[in-house]
Amino acid sequence: MVELKTDTSIDAMREAGRVVADALAAVRERADVGVSLLELDEVAREVLRGAGATSPFLGYRPSFAPTPFPAVICASVNDAIVHGIPTGYRLRDGDLVSIDCGAELGGWAGDSAISFTVGTPRPEDVRLVETAERALAAGIAAAVVGNRIGDIAHAIGSVCREAGYGIPEGFGGHGIGRRMHEDPAVPNEGRPGRGMRLRPGMALAIEPMLIGGGRDGYHEAADGWTLRTNDASRAAHAEHSVAVTEAGPRILTAR
């Protein structure tokens with residue numbers, strides 16, 4: 001069931017979204033060659049603590065997971081697409097990093113992700129990240145009253161495919177509100193004019209995931225959480241929580 005949020009509720013979600021944006025900005029600023037993923041996780045924890053927020057990631061255990069998630073960020077490096085667990089791995093020159101973070105504040109959730117390079121960037125990684133951001137922008141632009149979920153999916157998928165990138169099947173965005181994951185599902189590829197019609201008060205986490213090698217395949221790593229590309233190509237992930245309003249899409253996790 002999809003809960004339509006009031007203007008007051010959307011304002012409250014924006015406050016949770018600000019915390020997420022602050023956490024991602026702090027992590028991005030700290031990320032450098034030699035810094036460990038665990039250190040980045042601690043940076044995000046400090047931001048959440050300072051804001052009086054909690055993490056919807058920490059302790060989260062969906063049906064597929066062998067263990068509860070142990071961190072407040074997902075840190076996915078190079079060929080990791082999403083759901084990377086922060087470890088003692090220290091960032092190296094040229095790494096491509098995706099950071100996903102959530103926050104719960106005042107009974108409402110926010111969820112967002114960024115991708116960036118560390119040190120000297122590879123041109124192909126810069127293009128991959130820029131395309132993920134363009135795909136996200138296209139998906140957000142389609143999140144207007146009267147459109148359908150398929151219009152968002154088609155907008156995202158068109159940008160990714162036209163750039164020659166793969167899309168991991170079965171993974172995409174979702175509704176968000178009182179919980180991090182709510183209905184409806186928001187695929188990253190689909191046919192326009194299909195699916196649920198968008199109504200004022202819907203809140204969606206829109207999150208394109210791109211595979212640089214152009215193949216859609218992925219596999220689960222030994223930790224039971226991390227998704228990696230089948231061909232060892234690099235991946236990028238971008239995400240915002242967005243409210244559908246009569247005035248147009250409102251980005252709740254804007255940086």
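Let us look at the structure shown here. Fair warning: this is a prediction, and the values are worked out from it, not measured in the lab. (Residues numbered from 1 in each chain as written. Predicted model: local features only at pLDDT ≥ 70, side-chain atom pairs only at ≥ 80, totals over all residues. Heavy atoms only, no water.)

### Re the environment of Gly50
With respect to the element layout, Gly50 can be found in helix α2 (residues 37-51). Note on Gly50: relative accessible area 69%, which makes it exposed. Taking the C-alpha atoms as reference points, Gly50 and Ala71, separated by 21 residues in sequence, lie 17 Å from one another. (Helix = DSSP H or I, 4+ residues; strand = E, 2+ residues; numbered from the N terminus. Buried < 20%, exposed > 50% of the residue type's maximum accessible area, 1.4 Å probe, protein only.)

### Details of the side chain of Asp95
Structurally, the position occupied by Asp95 is in the loop between β2 (80-82) and β3 (96-105). As a buried residue without a salt bridge, Asp95 has its nearest oppositely charged side chain in Arg234, at a separation of 4.8 Å. Within the structure, Asp95 has its side chain in polar contact with the side chain of Tyr89 (distance 2.8 Å). Filtering out sequence-adjacent residues up to four positions away, Asp95 remains in contact with Val77, Asn78, Tyr89, Phe116, Thr117, Val118 and Arg234. (Lys, Arg positive; Asp, Glu negative; His and termini not counted. Salt bridge = Lys/Arg side-chain N within 4 Å of Asp/Glu carboxyl O. Polar contact = N/O pair within 3.5 Å; in protein donor to acceptor, adjacent residues only side chain to side chain. Contact = heavy atoms within 4.5 Å.)

### Observations concerning the sheet that holds strand β5 (residues 173-175)
Spatial ordering of the open sheet is given by β6-β5-β7-β12-β13, a layout of five strands whose pairing is antiparallel. The two strands at the open ends of the sheet, each matched to only one other strand, are β6 (182-186) and β13 (248-251). On average, adjacent strands in this sheet sit at an angle of 30 degrees to one another, irrespective of strand direction. One ladder, built from four bridges, connects strand β12 (residues 240-245) with β13; its direction is antiparallel. Bridge assignment links Val244 to a residue of β13, and that residue is Pro249. Taken strand by strand, helix α1 (residues 7-30) contacts β7 (203-206), β12 and β13, and its axis lies near 40 degrees from that of β13. (Pairing = 2+ DSSP bridges. Axes fitted to C-alpha atoms, helices over the stretch in contact; angles between N-to-C directions.)

### Some details on the nonpolar core
Grouped together as the largest cluster of nonpolar side chains are 28 residues, with contacts concentrated most on Ile152, Leu198, Leu204 and Ile206. For this core, the secondary-structure elements that each account for two or more residues are α3 (123-141), α4 (149-162), β7 and β12. In terms of nonpolar packing, the next biggest core, distinct from the first, is built from 25 residues, Val27, Ile99, Cys101 and Val118 among them. (Core = buried A, V, L, I, M, F, W, Y, C linked by side-chain atoms within 4.5 Å.)

### Side note on the pattern of salt bridges
Applying the stated criterion across every chain, the model contains 14 salt bridges. Two residues, Arg178 and Glu3, come together in a salt bridge whose shortest N-O distance is 3.1 Å. Of the two residues, Arg178 sits in the loop between β5 and β6 while Glu3 sits in the segment before α1, which places them 175 residues apart along the sequence. Accessibility expressed as a relative area gives 45% for Arg178, which makes it partly exposed. Judged by its relative accessible area of 26%, Glu3 is partly exposed. Glu39 serves as the salt-bridge partner of Arg90, at 2.9 Å between the closest nitrogen and oxygen. On the criterion of sequence distance, the pair formed by Arg90 in the loop between β2 and β3 and Glu39 in helix α2 is long-range, its members being 51 residues apart. Ionic contacts of the salt-bridge type, sharing partners, join the residues Arg122, Glu124, Asp125 and Arg234 into one network.

### Overview of the packing of aromatic side chains
Following the criterion strictly, the structure yields three aromatic pairs and no others. Look at Phe64 and Trp225: their rings are 5.4 Å apart centre to centre, the planes differ by 70 degrees, and that puts the pair in the edge-to-face class. In this pair, Phe64 sits in the loop between α2 and β1 (73-77) while Trp225 sits in the loop between β9 (218-220) and β10 (227-229), placing the two residues 161 residues apart along the sequence. Residue class for Trp225 comes out buried when judged on its relative accessible area of 4%. Consider the rings of Phe171 and Tyr218, whose centres lie 5.3 Å apart with planes at 85 degrees: the pair is edge-to-face. Taken together, the residues span a long stretch of sequence, with Phe171 in the loop between α4 and β5 and Tyr218 in strand β9 at a distance of 47 residues. Tyr218 sits in the partly exposed class, given a relative accessible area of 29%. Members of the aromatic cluster, joined through ring pairs, are Phe64, Phe69 and Trp225. (Phe/Tyr/Trp six-rings, centres within 6.5 Å; stacked < 30°, edge-to-face > 60°.)

### Looking at the environment of Ile167
Along the polypeptide, Ile167 turns up in the loop between α4 and β5. Take Ile167: its relative accessible area is 6%, and that puts it in the buried class. Separated by 44 residues in sequence, Ile167 and Ile211 have C-alpha atoms that sit 5.9 Å apart. Setting aside chain neighbours within four positions, we find Ile167 in contact with Gly157, Cys160, Arg161, Asn188, Glu189, Met209, Ile211 and Asp216.

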